[in-house]
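Here's the letter readout for the chains.
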Amino acid sequence: MFRPAPVPATLIDVERPLEPLWRGVVVYRVLTLVTVIGVSAFHMSDYASPLGAGLVLAVMTVWTAVLARGWLVGADERRGPLALADLAVSAGIMLTTPLIVTDAQLDASAPGMGSIWTSGAVLACAVAYRIPGGVVAAAVISAALVLAKSRATLTELNDIQILVLAGLTVGYASSVLRRAAERVRRAVAEEAAAAERERLARAVHDGVLQVLAHVGRRGAELGGAAAELGTLAGEQEVALRTLLTSGNAQVDAEGRRDLAATLRALASGRVTVSAPAHPIDLPAATVGELDAVVRAALANVERHVGADAPAWVLVEELDGAIEISVRDDGPGIPAGRLAEAEEQGRLGVARSMRGRVEELGGTLGLDTGPGRGTEWTIRIPARAEKCRESV
Amino acid sequence: MTVTVMVVDDHPIWREGVARDLGERGLEVVATAPDAGAAVRIAPAVRPQVVLMDLNLGETSGVDAIAGIVETLPDTKVLVLSASGEHADVLEALKAGATGYLVKSASAEELVDAVCRTAEGVPVFTPGLAGLVLGEYRRLAQRPAGEPAVPALTDRETEVLRLVAKGLTAKQIGERLVVSHRTVESHVQNTLRKLQLHNRSQLVRYALEQGLADD
């Protein structure tokens, strides 16, 4: 039975993969707030409005506290809007610069209001909205910066460059973390599903299946009405076993599916499916088409030979090709019957089967004759479909 | 001469039911066992001609039991009676030395017939089993060059196995290939023997490598 590789004890919190980034953003915001308060205190006496500067610093402090709460303990879905609000508030703080800082100070390379603290909004938007969010926020803060200082010297250009770079880097980190978390989540889910299936399989094997098999056999021996019950029990036994083992037939993370397990699911009281023990992994779409063709061939046996007529399916992996044979022991298709049906415009089973197989670049062969039964051979090339090495 | 049988299955209802079916039809059930350990312990004492073995024995594995029994009792044949879902296990059981495989949904007549054929040394091949063996030979053939020689099928053996996998009986195959059904059976037997020999030689090679590594 398929088992995904065990997942190492969580390197990342699968449900909330971005937590480390949010904590980092808070630390950055608090440190830059302290820096900005220090720098402003140094310039305070020269400001056009020291009172205004004090007011702006107070707003920054309160807003930093609001953000810290939102990033550390806030609900995930409120973080996006809060990041956008942060962008607006930060740009607003920056735009108070002309009211507080004098032209002379700006000429002497004094920073605008908020200065480095405002770049925290770029980081928050990048975490919340990945690279696009980071880049857009960097553009908004840059525009506010140039507008507020009404100049674009080397100092401002340098700041803009760093803002954009920070937006890109943190945005990238955010998307990588999300993808990694998604992968881990899927692997954990698959592992849990496989374990559950195995647990169920054990329980069912020990009880229900044994009883069904037993009823099936005793019923057949007793005959009459009991035989019918026995047949039903036997069919349910096969169906239940198939259900328990069909986990292998699911599409994996690379969009591939095991052809052998998929076709085994078609086995029933009258249909025998023979396949290798190892998986034959092919693109899921190809497996779906082949499954449909085999089903069509089996339906044809049921229609033309009889509802109870046995049929055999053989799946083989040859050198660079997959070959599937569907055979019955019926009377065979008389020569010319198929051609006749096609001529009369009755599309018939052959036409649709052949169409599907040719879509896959393969060929459909037919071997039939009176007393020889009917055998369809589906052969498709399996380019670069190397058999998976397993020991 | 009565064929002697040992039934190994972890489920009591099934074990007793099978034993009774066989007994009623003139076979002698000399022992039953619920797990691999008991099977390997009891088998040498009763020396059955055929061991009827389930592969899913609770916490223990039927494959281990088969290897143990075939090792100590070369004349005893093992017939796997198993659920249809355990393909990989069935293949391992064959490589370990079992000579046949029957699904549990088989009728009592089919079961008795299979046990008798197994006692005569004729492998009991279902189409599903032929598919597994074919797949295994193909897998071995695709391994990179440089590995020790892997067993390969002759063209005729491949042809016979494919026809078995497609549901033809030995008689039908004989008619198609214009040979006797005995010849067909001996081809089938050869495919199984080569696989078991390869498995044994691999185990020996592995043991030697481990032994050398320990020195």
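Residues numbered from 1 in each chain as written. Chains lettered and ligands numbered in written order. Predicted model: local features only at pLDDT ≥ 70, side-chain atom pairs only at ≥ 80, totals over all residues.

Undergrad: Can you help me understand the overall build of chain B in this one?
TA: Secondary structure summary: chain B contains nine helices and seven strands in total. Restricting to contacts in chain B with at least 6 residues of sequence separation, those with at least 24 account for 66%. (Helix = DSSP H or I, 4+ residues; strand = E, 2+ residues; numbered from the N terminus. Contact = placed C-beta atoms within 7 Å.)

Undergrad: When you look at the overall build of chain A in this model, what are you seeing that I'm missing?
TA: In terms of regular secondary structure, chain A is built from twelve helices and seven strands. With 391 residues in all, chain A has 34% of them scored as buried. Sequence separation of at least 24 residues holds for 68% of the intrachain contacts in chain A that already meet a minimum separation of 6. (Buried ≥ 20, exposed ≤ 12 C-beta atoms within 10 Å, placed from the backbone.)

Undergrad: Would you take a moment to explain helix α4 (residues 87-96) of chain B for this structure?
TA: Along an α-helix, residues three or four apart share an orientation, since each turn contains 3.6 residues. Residues and elements named next belong to chain B. Of all ten residues that make up α4, eight are buried, and the element is covered over most of its length. All of the buried residues along α4 are His 87, Val 90, Leu 91, Glu 92, Ala 93, Leu 94, Lys 95 and Ala 96. Where α4 terminates, the next one or two residues include Gly 97, which has phi positive at roughly 130°.

Undergrad: Looking at this structure, how should I read the UniProt feature "modified residue: 4-aspartylphosphate" (unreviewed entry) in chain B?
TA: All names here are of chain B. Here the UniProt feature "modified residue: 4-aspartylphosphate" (unreviewed entry) sits at Asp 54. Considering the arrangement of structural elements, one finds Asp 54 in the loop between β3 (50-53) and β4 (56-57). Contact partners of Asp 54, with chain neighbours within four places excluded, come to Val 8, Asp 9, Asp 10, Gly 62, Leu 81 and Ser 82. (UniProt positions renumbered as here; feature names shortened; annotations may be inferred.)

Undergrad: Whenever I open this one, the packing of helix α6 (residues 127-141) of chain B against helix α7 (residues 155-165) of chain B confuses me. Can you help?
TA: Residues and elements named next belong to chain B. In the contact formed by α6 and α7, the axes pass within 7 Å of each other and the chain directions differ by 140°. Taken together, the axis directions place α6 and α7 in an arrangement best described as oblique. In terms of crossing hand, the pair formed by α6 and α7 is left-handed. Every residue of α7 that contacts α6 at Pro 127, Ala 130, Gly 131, Val 133 and Leu 134 is listed here: Leu 161, Arg 162, Val 164 and Ala 165. The class makeup of the residues in the contact of α6 with α7 is seven nonpolar, one polar and one charged. (Axes fitted to C-alpha atoms, helices over the stretch in contact; angles between N-to-C directions. Parallel < 35°, antiparallel > 145°, perpendicular 65-115°, else oblique. Left-handed = near helix turned anticlockwise from the far one by under 90°. Nonpolar A, V, L, I, M, F, W, Y, C, P; charged D, E, K, R; others polar.)

Undergrad: Looking at this model, I keep getting lost on the interface of chain A and chain B. Mind explaining?
TA: As a measure of interface size, the accessible area lost when the parts come together is often cited. Counting residues at the interface gives 32 residues for chain A and 30 residues for chain B. Of all the secondary structure elements, the ones that give two or more residues to the side of chain A that touches chain B are α7 (154-222), α8 (225-245), β2 (271-274), β4 (311-318) and β5 (321-328) of chain A. Of all the elements, α7(A) adds the most residues to the side of chain A that touches chain B, at eleven residues. Taken together, the residues that form the side of chain A that touches chain B break down as 14 nonpolar, ten polar and eight charged.

Undergrad: How should the sheet that holds strand β7 (residues 373-381) of chain A be read in this particular structure?
TA: Where strands meet in a sheet, backbone hydrogen bonds hold them as pairs that are either parallel or antiparallel. With mixed pairing, five strands are arranged side by side in an open sheet as β2-β4-β5-β7-β6 (chain A). This sheet does not close on itself; its edge strands, each paired only once, are β2 and β6 (363-369) of chain A. The average angle at which neighbouring strand axes cross in this sheet is 15°, direction not considered. Relative to β5(A), β4(A) is paired through eight bridges, and the arrangement is antiparallel. Within β5(A), the position partnered with A:Val313 by the bridge is A:Val326. Against the sheet, helix α10 (residues 284-304) of chain A touches β2, β4, β5 and β7 of chain A, its axis set at about 15° to β5(A). Contacting β2 and β4 of chain A, α6(B) crosses the sheet at an angle of about 15° to β2(A). (Pairing = 2+ DSSP bridges.)

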